[in-house]
Amino acid sequence: MKQFTYVITDPVGIHARPAGLLVRTAKAYESEILFEKDGKSAGATKLMALMGLGVRCGDTVTVTVTGSDEEKASAGIEQFLKDNL
Amino acid sequence: MKSLQGSGASGGVAIGTLKFYRHDRQLVSRRRVEDVQAELERFQTAQAAAIDQLGKLYEKALTQVGEQGAQIFEIHQMMLEDDDYCDSIRSIIERQSVNAEYAVAITGENFAKMFSDMDDDYMQGRAADVKDISERLLRVLEGEQSDAIDADQPVIVAADDLAPSETVQLDKSKILAFATAGGSVNSHTAILARTMGIPAIIGLGPEFQAELYDGKTAAIDGATGQLYIEPDKETQAALLEKQAKLAERKRLLTQLKGLPGETQDGQRILTYANIGNPSDLGAVLANDAEGIGLFRSEFLYLESQDYPSENEQFQAYKSVAETMAGKRVIFRTLDIGADKQVDYFHLPKEENPAMGMRAIRICLTRQEIFHTQLRALYRASAYGRVAIMFPMIASVWEIQEVKKIAAQVRAELTASGVPFDEHVELGIMIETPAAAVLSNQLAKEVDFFSIGTNDLTQYTTAVDRQNQDLGRFYDPHHPAVLELIRLTVENAHRNGIWAGICGELGADLSLTETFLAFGVDELSVAPASVLPLREKIRSLNQSNRQAILDRYLEVR
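Reading the values: the criteria
Residues numbered from 1 in each chain as written. Chains lettered and ligands numbered in written order. Predicted model: local features only at pLDDT ≥ 70, side-chain atom pairs only at ≥ 80, totals over all residues. Helix = DSSP H or I, 4+ residues; strand = E, 2+ residues; numbered from the N terminus. Buried ≥ 20, exposed ≤ 12 C-beta atoms within 10 Å, placed from the backbone. Contact = placed C-beta atoms within 7 Å. Nonpolar A, V, L, I, M, F, W, Y, C, P; charged D, E, K, R; others polar. Pairing = 2+ DSSP bridges. Axes fitted to C-alpha atoms, helices over the stretch in contact; angles between N-to-C directions. Parallel < 35°, antiparallel > 145°, perpendicular 65-115°, else oblique. Left-handed = near helix turned anticlockwise from the far one by under 90°. Expected span 1.5 Å × (residues − 1). Core = buried A, V, L, I, M, F, W, Y, C linked by C-beta atoms within 7 Å. pLDDT = per-residue confidence, 0-100. Right-handed = clockwise from strand over helix to strand, strands pointing away.

Student: Quick one: what's the story with the overall build of chain B, residue by residue and with numbers?
Tutor: Scanning chain B for helices and strands turns up 22 helices and 16 strands. Here chain B holds 556 residues, and 43% of them are scored as buried. If you take every contact in chain B between residues at least 6 apart in sequence, the share linking residues at least 24 apart comes to 68%.

Pasting the structure below:
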């Protein structure tokens, strides 16, 4: 299992467009990728649940990656967040 | 004539017939089904068809509104494929042995509610997207064709609310404007309307009904959110004039957006905007200003009942700096006094306020006020490209004292670990003849000059600019004023700093060539004057330079 935290810098938070891209990115990996904020969590392949977390600018999300390609997936998702959120 | 007030969602003016667009939102009935498997397959087929429709809409939107605007349909596709959404539909069909329509309607409502209950405007707006995809599924399930507007001539499309897919499906050549009773400025429909350049007003309220207004003539002003039913002649004329101005600006924008203010032979001059309130930022961006050359900080003091706190000021400056996203913002420190009075300052009444306790003189006398403002400005500098400018300087010692206070503020912030930009440019307004005459010495103290031509003219010619009777004596083209401007720019350049003009004269296109000949580096004007000025600059070259320099002092 790999875990890291990330602070959202996008002014609107996890909004529709990057959430859509995130789902697409996450689906490319075998591992299960979980986003968590304030005790609520959502799978990274689930668009509505992700948006439903209500993640805003300045919020910290905890990302947990579990599965066969967790190294690669964790690095990939972290890079995605830096590039898009 | 009757007028309704909504929120302006997309600027522009339109006059035409109101045509109400009806959704015919059918009630979905709950039916028990025998063959659950067949019902699941019906849903599967409808989902595929809906995704296919969205793919086509995406292609259509791509050509109409480009990648950014079209993305919403990709998002809708992904929402339709969302595991949770589809699981919910399937589970309702399976567990309750009911029809797919019912399962879709219930799921759509639940998910829309999840978004509308969120404590965030943007997310609340997403409820409309969930409803939109659910309605699409329902239409497919019920074998309906999606309805398009049918009108012989262009109309103002009116509705309770419009879904993004409806907005794009409408035949653009038949739409003069959008007007809706509900909706939010953040909705995709509002965004699409802006991208398509179609005026739109939303949130006109429940009173905006087909029963009352369908088929009536209306005029809308998408900038102010005003809708007039059966507008009278004057209103129509005023709006048409506004439309003509907008069209002119649009022409300038298409031609000049993103282009530098540069003469034909390559002399570069920055075209900035003057503003007095964060609410003017929209105009700054809409007119493609390269920066803000004068941000009058008085609004914070004029709008409040007591001295604005450091934090209040910091938040306001920060949002301006952030919005300008790295473009230079020159904040002018407090310029109260003279014609701008604030009660809680308790300034004694003066015989001659224009020459009295004002601007930097207040700041240096009551340093706690100044100190608070400087702290707020330096803190905001961590969020953009902030420059600070001091008004009404007449002597070298004044700016030296100002710089000491600024250094003290920086030291305090450093000591308490508060981030700020170490390289904030400090400049002064040149608006007293004394400052212009001393510009060679003053230039050694600061990073830039900005010439305030209104006060400079009044002090140089000793003519009160607020006295209407003195009109013909108040001459901003006075050769003495022009000479002080030239001298100031020359002394700035001699000392390696830049000089701009932020007074009204900057927008006087009959002087643009003269200012270029003087070597002025920046002109800051009202937002609406930025593009006309840029157009003027781009039409000039320096071939007349010598002739102008020989001639500007001529007595008229």
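Student: Help me get a handle on the overall build of chain A, residues and values and all.
Tutor: Secondary structure assignment for chain A yields 3 helices and 4 strands. Its helices and strands in sequence order give chain A the pattern β-α-β-β-α-β-α, from N to C terminus. Residues counted as buried form 39% of the 85 residues belonging to chain A. Relative to all contacts within chain A whose residues are 6 or more apart in sequence, the contacts with residues 24 or more apart total 71%.

Student: A description of the environment of B:Q341 should follow, citing residues and the corresponding values.
Tutor: Looking at where B:Q341 falls in the secondary structure, it is placed in the loop between β11 (328-332) and α13 (360-365). Each C-alpha atom, one on B:Q341 and one on B:L302, is 8.0 Å from the other, the two residues being 39 residues apart in sequence.

Student: Hey, could you go over the interface of chain A and chain B for me, with residue numbers and the actual values?
Tutor: The extent of an interface is frequently quoted as the accessible surface area lost upon association of the parts. Counting residues at the interface gives 15 residues for chain A, matched by 16 residues for chain B. When residues of the side of chain A that touches chain B are traced back to their parent elements, those giving at least two are α1 (16-27) and α2 (47-52) of chain A. With 5 residues, α2(A) is the largest single contributor of residues to the side of chain A that touches chain B. For the side of chain A that touches chain B, the class distribution of residues is 7 nonpolar, 5 polar and 3 charged.

Student: Break down the sheet that holds strand β3 (residues 13-20) of chain B for me, with residues and values.
Tutor: Strand pairing in a sheet relies on backbone hydrogen bonds. The paired strands run either parallel or antiparallel. Residue and element names in this part refer to chain B. If you walk across this open sheet you meet the 8 strands as β1-β8-β7-β3-β4-β5-β6-β2, and the pairing is mixed. Each having just a single partner strand, β1 (2-5) and β2 (7-10) make up the two edges of the open sheet. For this sheet the average axis-to-axis angle between neighbouring strands, irrespective of direction, equals 30°. Pairing analysis gives 2 bridges linking strand β5 (residues 175-180) to strand β6 (residues 200-202), with the strands arranged parallel. Counted as the bridge partner of A179 is I201 from β6. Across the sheet, helix α9 (residues 233-256) touches β3, β7 (217-221) and β8 (226-229), and the angle it forms with β3 is around 115°.

Student: Summarise the sheet that holds strand β9 (residues 270-275) of chain B; cite the residues concerned and give the values.
Tutor: Residue and element names in this part refer to chain B. If you walk around this closed barrel you meet the 8 strands as β9-β10-β11-β12-β13-β14-β15-β16, and the pairing is parallel. Strand-to-strand twist of the sheet, defined as the mean angle between neighbouring strand axes without regard to direction, takes the value 25°. Note: strand β10 (residues 292-296) against β11, 3 bridges, orientation parallel. Along β11, the bridge assignment pairs I292 with V329.

Student: Got a sec to walk through the packing of helix α18 (residues 453-461) of chain B against helix α19 (residues 479-494) of chain B? Specific residues and values, please.
Tutor: Residue and element names in this part refer to chain B. Contact geometry for α18 and α19: axes closest at 9 Å, N-to-C directions at 125°. Here α18 is positioned oblique relative to α19, judged by the angle of their axes. The crossing of α18 and α19 is right-handed. Note on element contacts: α19 touches α18 through A480, V481 and L484, opposite T453, L456, T457, T460 and T461. Among the residues forming the contact of α18 with α19, the class breakdown is 4 nonpolar, 4 polar and no charged.

Student: Outline the environment of B:K444, listing residues and values.
Tutor: Its location among the elements puts B:K444 in the loop between α17 (439-442) and β14 (448-451). Along the sequence, B:K444 and B:I497 sit 53 residues apart, while their C-alpha atoms lie 8.6 Å from each other.

Student: Which residues make up the environment of B:Q315, and what values do they have?
Tutor: All names here are of chain B. When you line up the elements, Q315 lands in helix α12 (residues 310-323). Here Q315 falls in the partly exposed class, since 16 other C-beta atoms lie within 10 Å of it. Separated by 65 residues in the primary sequence, Q315 and A380 place their C-alpha atoms 7.6 Å from one another.

Student: Hey, could you go over the packing of helix α1 (residues 36-80) of chain B against helix α2 (residues 83-96) of chain B for me, with residue numbers and the actual values?
Tutor: All names here are of chain B. Where α1 meets α2, the axes come as close as 11 Å, and the angle between the chain directions of the two elements is 155°. The angle between α1 and α2 falls in the class roughly antiparallel. At the point where α1 passes α2, the crossing takes the right-handed sense. Seen from α1, the contacting residues are V36, E39, L40, F43 and M79; seen from α2, they are Y85, I89, R90, I93 and E94. Partitioning the contact of α1 with α2 into residue classes produces 7 nonpolar, no polar and 3 charged.

Student: Tell me about α9(B), residues and numbers included.
Tutor: For α9(B), spanning 24 residues, the distance from its first C-alpha to its last is 34 Å, which sits close to the expected 34 Å at 1.5 Å a residue. Once α9(B) ends, the next one or two residues include B:G258, with phi positive near 80°.

Student: How would you summarise α18(B) if you had to cite specific residues and measurements?
Tutor: Residues and elements named next belong to chain B. All buried positions along α18 are accounted for by T453, D455, L456, T457, Q458 and Y459. Looking at the buried residues of α18, the elements they touch are β13 (425-430), α16 (433-437), β14, α19 and β15 (498-501). Directly after α18, the chain includes A462, whose backbone phi takes a positive value near 55°.

Student: Describe the nonpolar core, listing the residues and the values that go with them.
Tutor: The biggest cluster of nonpolar side chains holds 94 residues, and the ones touching the most others in it are A:L50, B:M79, B:I156, B:A177, B:A179, B:A200 and B:I220. With sequence-adjacent residues up to four places away left out, B:M79 is seen in contact with A:L47, A:M48, B:Y85, B:D129, B:V130 and B:I133. Counting 83 residues, the second largest nonpolar core, distinct from the first, contains B:L281, B:F295, B:Y383 and B:I485.

Student: Report on unusual backbone geometry, specifying residues and quantitative values.
Tutor: Residue A:D38 is not a glycine yet carries a positive backbone phi of 50°. Mapping A:D38 onto the fold places it in the loop between β2 (32-37) and β3 (40-43). Even without glycine at this site, B:S97 takes up a positive phi of about 50°. In this structure, B:S97 sits in the loop between α2 and α3 (100-116). B:S97 gets classed as partly exposed once you count the C-beta atoms within 10 Å, which come to 14.

Student: So what's going on with the confidence of the model for chain B? Which residues, and what values?
Tutor: Low-pLDDT portions of the prediction should not be read for the details of their coordinates. Mean pLDDT for chain B: 88, with 96% of residues reaching 70 or above. Two summary scores accompany this predicted model of the complex, namely pTM at 0.57 and ipTM at 0.86.

Student: Requested: an account of the pairing of β13(B), with residues and values cited.
Tutor: Residue and element names in this part refer to chain B. In this sheet, β13 lies alongside strand β12 (residues 385-390) in parallel orientation, the contact comprising 4 bridges. Opposite A387, over in β13, you have E425 as the bridge partner. Taking the sense of rotation as the criterion, the β-α-β connection linking β12, helix α15 (residues 396-415) and β13 turns out right-handed. Alignment of β13 against β14, held across 4 bridges, turns out to be parallel. Looking at β14, one finds that M429 is bridged to S450.

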